[in-house]
Amino acid sequence: MIKKLLGTAAAAALAVGLMAGNATAQTKVGFIYVGPVGDHGWTYRHDQGRLAIEKEFGDKVKTTYVESVSEGADAERVIRKLAQEGHDLIFTTSFGFMNPTLKVAKQFPNVKFEHATGYKRDANVSTYAARFYEGRHVAGLLAGKVTKSNVVGYIASFPIPEVVRGINAFTMALRSVKPEAEVKVVWVNTWYDPGKESDAAKALIDQGADVISQHTDSPAPVQIAQERGVWAIGQASDMSKFAPKSHMTAILDIWDHYYIARVKAVMDGTWQSQDVWDGLDKGMLAMAPYNEALPADAVAMAEQAVADIKSGKLHPFTGPIKDQSGKVVVKAGERLDDKALLTMDWYVEGVQGKLPK
Amino acid sequence: MIDTTAAILLSMIAAATPLVFAATGELVTEKSGVLNLGVEGMMLLGAVSGFATTVATGSPVLGVVAGALAGIGMSLLFAFLTLTMLANQVASGLALTLFGVGLSALIGQDFVGTPMDALPKLAIPVISDLPLIGPVLFGHDPLVYLSVALVGAVYWFLNHSRGGLVLRAVGENHHAAHAIGYHVIGIRYLAVMFGGAMSGIGGAYLSLAYTPMWIENMTAGRGWIALALVVFATWKPGWVLIGAYLFGGVTIAQLHIQGLGVDIPSQFLSMLPYLATILVLVMISRDSLRIRLNAPACIGKVFHPDS
């Protein structure tokens, strides 16, 4: 909050400076984050991207950020404020900022917006996301290699396509190794609440899970996994220091080069609205170092999968894919297209429980 | 089944304990007529101070003490603003929370990701190994027992001691208490400091026992839940304890229900702890006259000895 206030004060001071006619050729880039920059997960990685911009362009850019902005009405206020303060480019880094971003973008046609993980665009609104499901596939393979109870726990945030897609990719990969394994999902309805996430991890382990995967942002679940002696997969950043024994790997978000490219485009005047969905091949995500205690064949399998996904040989959503009722949704050899992936609202076979709608 | 029940009860008690500390402390503060909305900020500072001290000294006892002192420090700031400078209590309390969020993040920067062992749990030979009763009654860390003892002590203090009577008098009618010679400001300072210390310990419980780590904003709104509990428990320590355990219990139970694959929408289950706690506490305290009798009449009002 102090940083936020300082950032706001600096922005206000700059705005005054502009009015006084001391305008410099600085490009102003604003960020709004759903969590605190110190979450060591999702928001932390976006902030690393922001720092990469500063490092790349030095004095030519000025970046500001507002952290812990709740999704909804408050987000609109914050985005509008950043736009009014004369930011040239604004990154809104959570799915729930989608509608507020579009609403404000209409009122500020000269400001460029970049919304992470959304599907609605406009002349001045781009969307960008990473194919995290590719990482989930690799994590699922590892889980299949290490699970002994054949029950894998999955801590989920909100039932949106992004999260459901991750659960499905993970489950299919898991069952490709251990056909009898199942995934238990617990929805915590928050992106960030270390206490609640750890309670969910405890509940899943109490119910027999010996691998914990998460789609929430704090390192609390991997820490609980270590305390209880089960495996875990980190989220967004390398969380191994929280659980050196249990942390198998993590799916790393890497926004740095995308952010630098988009700021460059604004500086050059070549920015255009676009939709980017890059994967392991473009380096928008990567796997964190594998735990040394993992069996060698598990690591080899994971590394092979990463290489095959990069080369295009492997697509995590290749048929046959069955839904929960056992009906074949995708025939053998066929692949789900991006549209189907982006609107996914059904579980594959092997996920326990019903998907909340 | 016994194992699941024990697991739910164990997690429930851990989830409820920070709320019990913070809410009981705030209850005493409010009984003296002061509304301190800075619980969340004080908890966060308690959490980071407790964690940093334990890492630096290796002593969880010192960590808990540091958490309490940090809470007291924050509460003194609030007390100075509202009791000495007569600032608005609501605004000052909100500011204290914002301040606590930022200050704890600043202090905690170097401690994110530092490993630490959780508080040791009680282990009495034989008894702690009994099924169900063993772990649920005798398998916690010392702070859990302290929190229950605290509720009993506060109940006794408020209802059966002279000091408690004076404190309540100050909260009910500060002009009358002042007129018969009590030092209203001094008593309120003490009550606010007690609230700060308890919030600090509640925060330290989070970072030392519940999720043994420091991470920004780790309270995630528990300070606000504690504040709500005080009101819904109509300022009664015993009901605060019931409310906190109920809230913790339903929170944990709904996670287990989801894991078992019961077909209830998870959004509804997430709402359930709030709904159940409010419903139960409203039901047990539906007598509006008694609520008014319990609510401190001077809460949030500015007091100046000469006015």
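Small disclaimer: the values here were computed from a predicted structure and weren't measured. (Residues numbered from 1 in each chain as written. Chains lettered and ligands numbered in written order. Predicted model: local features only at pLDDT ≥ 70, side-chain atom pairs only at ≥ 80, totals over all residues.)

Turning to the overall build of chain A, a few remarks are in order. A count of helices and strands for chain A gives 11 helices and 14 strands. In summary, chain A has a C-alpha radius of gyration of 21 Å against a globular reference of 21 Å for 357 residues, a match within 12%. Along the longest, intermediate and shortest principal axes, the C-alpha atoms of chain A span 70 × 40 × 35 Å. The burial tally for chain A puts 53% of its 357 residues in the buried class. In chain A, the proportion of contacts linking residues at least 24 apart, taken out of those at least 6 apart, comes to 65%. (Helix = DSSP H or I, 4+ residues; strand = E, 2+ residues; numbered from the N terminus. Rg over C-alpha atoms; globule rule 2.2 N^0.38 Å. Buried ≥ 20, exposed ≤ 12 C-beta atoms within 10 Å, placed from the backbone. Contact = placed C-beta atoms within 7 Å.)

Residues and elements named next belong to chain B. Under the 1.5 Å per step criterion, the end-to-end length of helix H11 (residues 237-259) is 33 Å for 23 residues, consistent within 8% with the ideal 33 Å. Taken across its 23 residues, H11 has 21 buried, putting it largely inside the fold. Gly 261 lies just past H11 and shows a positive phi near 80°. (Expected span 1.5 Å × (residues − 1).)

Looking now at the interface of chain A and chain B. In this assembly, 33 residues from chain A lie in contact with 33 residues from chain B. At the level of secondary structure, the elements contributing two or more residues to the side of chain A that touches chain B comprise strand S7 (182-187), helix H7 (194-206) and helix H8 (220-228) of chain A. Of the residues forming the side of chain A that touches chain B, the biggest block, nine residues, is contributed by H7(A). Among the residues making up the side of chain A that touches chain B, the classes are represented as 14 nonpolar, 11 polar and eight charged. (Nonpolar A, V, L, I, M, F, W, Y, C, P; charged D, E, K, R; others polar.)

Take the packing of H7(A) against helix H1 (residues 2-31) of chain B next. Close contact between H7(A) and H1(B) brings their axes to 10 Å; oriented N to C, the two are set at 170°. In terms of orientation, H7(A) and H1(B) fall into the roughly antiparallel class. As H7(A) runs across H1(B), the sense of the crossing is right-handed. In this structure, H7(A) uses A:Gly195, A:Asp199, A:Lys202 and A:Asp206 to contact H1(B), whose residues at the interface are B:Thr4, B:Ala7, B:Ser11 and B:Ala15. In terms of residue class, the contact of H7(A) with H1(B) is built from two nonpolar, three polar and three charged. (Axes fitted to C-alpha atoms, helices over the stretch in contact; angles between N-to-C directions. Parallel < 35°, antiparallel > 145°, perpendicular 65-115°, else oblique. Left-handed = near helix turned anticlockwise from the far one by under 90°.)

To continue, consider unusual backbone geometry. A negative phi angle characterises most non-glycine residues, just as the trans form characterises most peptide bonds. Looking along the chain, the bond that leaves A:Gly319 and enters A:Pro320 is cis, with omega of 5°. Summarising the element assignment, A:Pro320 is placed in the loop between helix H10 (296-311) and strand S13 (321-322). For B:Leu86, which is not glycine, the phi dihedral falls at a positive 60°. Tracing the backbone shows B:Leu86 in the loop between helix H3 (60-84) and helix H4 (89-108). Its 12 C-beta neighbours within 10 Å are what place B:Leu86 among the exposed residues.

Attention now goes to the sheet that holds strand S9 (residues 231-236) of chain A. By way of backbone hydrogen bonds, the strands of a sheet pair with one another, either parallel or antiparallel. All names here are of chain A. Reading across from one edge, S7-S6-S8-S9-S10-S12 is the order of the six strands in this open sheet, with mixed pairing throughout. Single-partner strands in this sheet number two, and they are S7 and strand S12 (285-287). Between one strand axis and the next, the sheet turns through 15° on average, direction left out of account. Strand direction decides the pairing type here: strand S6 (residues 151-156) and strand S8 (residues 211-214), joined by four bridges, are parallel. (Pairing = 2+ DSSP bridges.)

Next up on the list: the environment of A:Gln235. All names here are of chain A. Residue placement: Gln 235 occurs in strand S9. Residue classification places Gln 235 among the buried positions, given that 31 C-beta atoms sit within 10 Å. If sequence neighbours within four positions are ignored, Gln 235 has contacts with Gly 41, Gln 214, His 215, Thr 216, Asp 217, Ala 250 and Ile 251.

A few words on the sheet that holds strand S11 (residues 275-278) of chain A. Residues and elements named next belong to chain A. Ordered by their spatial adjacency, six strands build an open sheet running S2-S1-S3-S4-S5-S11, and the pairing between neighbours is parallel. A single partner strand is all that each edge strand has here, and the edge strands are strand S2 (61-66) and S11. This sheet shows a mean twist of 15° between the axes of neighbouring strands, independent of strand direction.

Before going further, it helps to examine helix H5 (residues 132-146) of chain A. With 15 residues, H5(A) ought to run about 21 Å at 1.5 Å a step, and its terminal C-alpha atoms sit 21 Å apart, in line with that. Counting buried residues along H5(A), 14 of its 15 residues qualify, which places the element largely inside the surrounding structure.

Let us now look at the packing of helix H7 (residues 162-172) of chain B against helix H9 (residues 184-210) of chain B. Residue and element names in this part refer to chain B. H9 packs onto H7 with a crossing angle of 110° between their chain directions and a minimal axis gap of 10 Å. Classed by the angle they form, the pair H7 and H9 counts as roughly perpendicular. Residues Val 166, Leu 167 and Val 170 of H7 form the contact with H9, whose participating residues are Val 184, Ile 187, Arg 188 and Ala 191. Residues of the contact of H7 with H9, tallied by class, amount to six nonpolar, no polar and one charged.

Here we take up the environment of B:Val184. Residues and elements named next belong to chain B. Position of Val 184 relative to the elements: it lies in helix H9. Put simply, Val 184 and Thr 53 are 131 residues apart on the chain and 34 Å apart in space, counted from C-alpha to C-alpha. If we skip the residues at most four places from it in the chain, Val 184 touches Val 170, His 174, Ala 177, His 178 and Phe 303.

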